[in-house]
Amino acid sequence: MAIDINWFLMTDIKKRSLIKASWTPLCAYDEHTINGEPGHIGYEREYFGSVGLIFPIDQAREAFLLQWDEVIPKWGHKPCVENGKYFPADVYSFCNGLLGTYPVLQQSFDSGEPCVWHLSQDIILGLGLLRERDGWVRPQEDYLEVARLKRIQEGKPVRFEIRTEHLRDFLCARESGILIVTYHLREIIVDSAPDFGWKNGIANETGENYHWNGHIHPIHEGGFPFGEKIAVFHMGRTNIDPNDDIPTFGMPGEDEYKSSSWVRTPTGRQLFSITGEMWRTEWIPPLETSPRVRGDKEESHISFQIDSAGTTLAGKKLYDHRGWIWFKPSIIRTLLEKRNGVLEWYTDETGCVGPAPNMGVHFGVNELGLINVLAKDIASLPTIYQRVWVAHNIPPDGRVSKELLKSQMEAEPADTKAPEVILKKAIEHLQKASTYFLGRPMLKEHHISTKIDREIHRFHGQSMEGLFFLCKELTRLIVERIDVDLLKELDPAADKKLGSIKRLEYFLNSKGFEGRKIMAALAGVYDLRIGDSHLPSTEITESLKLLGIGDTGDYQKMAKQIILSVAYSIGTIGDIIIKSSKDNRA
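This report concerns the structure included in the present document. (Residues numbered from 1 in each chain as written. Predicted model: local features only at pLDDT ≥ 70, side-chain atom pairs only at ≥ 80, totals over all residues. Heavy atoms only, no water.)

Let's talk about the overall build of the protein chain
So the rule is basically this: Secondary structure is summarised from DSSP: a helix means a run of H or I of at least four residues, a strand means a run of E of at least two, and numbering begins at the N terminus for each. Atoms considered for the radius of gyration are the C-alpha atoms alone. The globule rule reads 2.2 Å times the number of residues to the power 0.38. Throughout, a contact is declared for two residues whenever any of their heavy atoms are within 4.5 Å. Here the accessible surface of atoms and residues is derived via Shrake-Rupley with a 1.4 Å probe, and residues count as covered only by protein chains that are part of the display.
For the protein chain, the helix and strand inventory stands at 20 helices and 26 strands. The C-alpha atoms of the protein chain give a radius of gyration of 37 Å, which is well past the 25 Å a tight globule of 586 residues would have. Viewed in the frame of its principal axes, the protein chain has a C-alpha envelope of about 115 × 75 × 60 Å. Of the contacts formed within the protein chain by residues at least 6 apart in sequence, a portion of 65% connects residues at least 24 apart. Surface accessibility of the protein chain: about 31,400 Å² in total, with carbon and sulfur atoms responsible for 51%.

Concerning the packing of aromatic side chains
Both the distance between ring centres and the angle between the ring planes are used here to describe each pair of aromatic rings. We count it as follows: Here the aromatic set is Phe, Tyr and Trp, taking the six-membered ring for Trp, and pairing holds for ring centres within 6.5 Å; pairs whose planes are under 30 degrees apart are stacked, those over 60 apart are edge-to-face, and all others are tilted. The buried label applies to any residue whose accessible area, calculated with a 1.4 Å probe on protein chains only, is under 20% of its type's maximum; exposed applies above 50%, and partly exposed to all values in between. Over a ring means this: the NZ of a Lys or the CZ of an Arg is within 6 Å of the ring centre and within 35 degrees of the ring normal.
Taken as a whole, this structure holds 17 aromatic pairs when the rule is applied. Between the aromatic rings of Trp7 and Phe8, the centroid separation amounts to 5.3 Å while the plane-to-plane angle is 85°, which identifies the pairing as edge-to-face. Under the relative-accessibility criterion, Trp7 is labelled buried at 19%. With a centroid separation of 5.6 Å and an interplanar angle of 70°, the aromatic rings of Trp345 and Phe363 are classed as edge-to-face. Taken together, the residues span a long stretch of sequence, with Trp345 in strand E22 (residues 342-345) and Phe363 in strand E24 (residues 361-365) at a distance of 18 residues. Each member of the pair Trp345 and Phe363 is classed as buried. Through successive ring pairs, a cluster of aromatic residues spans Trp7, Phe8, Phe196, Trp198 and Trp212. Arg148 extends its terminal NZ or CZ atom over the ring of Trp23, reaching a point 3.7 Å from the ring centre.

Regarding helix H16 (residues 500-510)
By the burial criterion, the buried members of H16 are Ser500, Ile501, Arg503, Leu504, Glu505, Phe507 and Leu508. Residues of H16 that are buried in the fold lie against helix H15 (484-490), helix H17 (515-518), helix H18 (520-528) and helix H20 (555-585). With its phi angle positive at about 90°, Gly512 sits one or two positions after the end of H16.

What to know about the side chain of Glu473
The condition that has to hold: Pairs of N or O atoms within 3.5 Å make up the polar contacts considered here, provided that, within protein, one atom can donate a hydrogen while the other can accept it, and that residues adjacent in sequence are counted only when both atoms are side-chain atoms.
With respect to the secondary-structure elements, Glu473 resides in helix H14 (residues 464-477). Taking the relative accessible area as the measure of exposure, Glu473 reaches 4% and is therefore buried. Within the local environment of Glu473, its side chain forms a polar contact with the side chain of Arg476, the two groups lying 3.0 Å apart.

Examining the pattern of salt bridges
The test is simple: Salt bridge, as applied in this entry: a Lys or Arg side-chain nitrogen positioned within 4 Å of an Asp or Glu carboxyl oxygen.
Overall, the coordinates contain 35 salt bridges when judged by the stated rule. Note that Lys376 is salt-bridged to Asp377, the shortest N-O span being 3.4 Å. Residue classification places Lys376 among the partly exposed positions, given a relative accessible area of 30%. Owing to a relative accessible area of 17%, Asp377 belongs among the buried residues under this scheme.

So, the side chain of Asn393
Along the chain, Asn393 turns up in strand E26 (residues 393-394). In this structure the side chain of Asn393 is engaged in a polar contact, spanning 2.7 Å, whose partner is the backbone nitrogen of Gln305. Contacts of Asn393, omitting those with residues within four sequence positions, involve Phe304, Gln305, Ile325, Trp326 and Phe327.

A word on the nonpolar core
Quick reminder of the rule: Grouping buried Ala, Val, Leu, Ile, Met, Phe, Trp, Tyr and Cys residues that are joined through side-chain atoms within 4.5 Å yields what is termed a nonpolar core.
Ranked by internal contacts, the top residues of the largest apolar core, which has 46 residues, are Leu423, Ile478, Ile562 and Val566. At 10 residues, H20 tops the list of elements feeding residues into this core. Leave out the neighbours within four places in its chain, and Ile478 touches Leu423, Ile427, Leu443, Leu522, Val566 and Ile570. With 40 residues, the next largest nonpolar core counts Phe55, Trp117, Ile178 and Val181 among its residues.

Thoughts on unusual backbone geometry
With phi around 55°, Asn83 is a residue other than glycine that occupies positive phi space. Within the element layout of this structure, Asn83 appears in the loop between strand E3 (80-82) and strand E4 (85-87). Not every positive phi belongs to a glycine, and Ala411 is a case in point at roughly 60°. Considering the arrangement of structural elements, one finds Ala411 in the loop between helix H11 (402-408) and helix H12 (419-438). Judged by relative accessible area, Ala411 falls into the exposed class, the value being 59%.

A few points about the sheet that holds strand E23 (residues 350-354)
Keep this limit in mind: Whether two strands pair comes down to DSSP finding at least two bridges between them.
Strand order in the open sheet formed by 6 strands is E22-E23-E24-E25-E21-E26, and the pairing between neighbours is antiparallel. Every other strand in the sheet has two partners, leaving E22 and E26 as the edge strands with one partner each. Pairing between E22 and E23: 4 bridges, direction antiparallel. Paired with Glu344 across the two strands is Cys352, which belongs to E23.

Quick look at the structure:
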């Protein structure tokens, strides 16, 4: 096999700098076999060990002199008392007065349970991290993974890493740096020794922050050092009677023990083990500012266009601008795709939207369907979310939303309701009426029923395909949840082959109402749910008529009308249940 001396010299690792790396290994004992079996030709393995220690900045020079054997916790972490002084489990104390802190604590158990590694609570709370399995995410940064734990198949932890930027933010707030001491090992077993020019098979090199050793030594196939013998000694007692009920023993006399010894000579052909080892020490300083932990203010450089002349503002200038910014309506869908995205309606054309409840902004929809937001509100968002908004920023087009101006300038919110809110109230009305008068809800419980605000909204209406998707979501929310079994119990004589819409229509007819007219919107939505791939244009037009609209090309207004028509249908069904039930009781 071809052998590259640079692999053993670790030339690639020597070039790397942790301060430039995206991730910092706080703790690692990571060994993996690349090829083969130990002691046999072709065996190739690599080991990486790492220990991190946090020290005050003024102790950086002394800390940099620490070696691998001086910082590695050989028996895990636990509190201890030395000379009457108590030291917490995470504290590192050295004879020269150095006092550091381990960012990762290794908890071992005498009972055989696997070792458990704990990330410092100070780091977790300081950076606002949330643990998800073996990852720690930061919800404030769109659930960015900040720390992660790697395990082998048996569940044993082998590596703990943290994003370098976030670590240095934490260190800045703490006025500290972190010492990372690492150990690398690379080994290959071959059948003949390579000519590396290492005298007697040994080489070494010392750099500014590392020491490297190289070895080529012969072994027997199987792993024993070549030519060496193994001495074996055996000793046993002869003064113990196995028939005694309670045997005891003391120091044996000269004739009360037996012993033997022999020499074992390993066999197997001669092979060669080539190894490279490197011990390295790196000091990672803190950042100059700590926006996450200490709350330092950072000037944003993300620029937003504020007028038709192409003027852009960022940071404090954007915050101080007394005006609004225009965005494409697609920003709403983008924000709602975030894990905790929220959309709340205040009036027909205003509401609050954001990637998370505490990151929402007051917005308005203008007459062109575009989104308006105060510049100050955008400038107040964290940089990571400003990046989301700026991707949808456009020059001003149309006037600022009338209802937004009425709310923010006149302090008199419009007395209007969004179709999305009307639909939500209509569903609640139907469910309450059905439960009270019919014994159980008309719509079965489903996980989508808790996501109405995020799933059902006018901003799907950016194209005809978007309207089809909206109809698909409305079908899932309503049509597919209709309790057909309940309708069968209410009218057992109805045709058993009827689908949910027809069966509900039949139920309304039986109460003396025009079921077909009332159910028209739901029928139209049901037809359009597959319009993108199945329905011809003529049938699409007919389905839109059932919803009381035509293809005007203003898809956002069409989406609003679809939602409103469905809301009317649902609300009417609830009213009929109440009226017919009261009439029957009378």
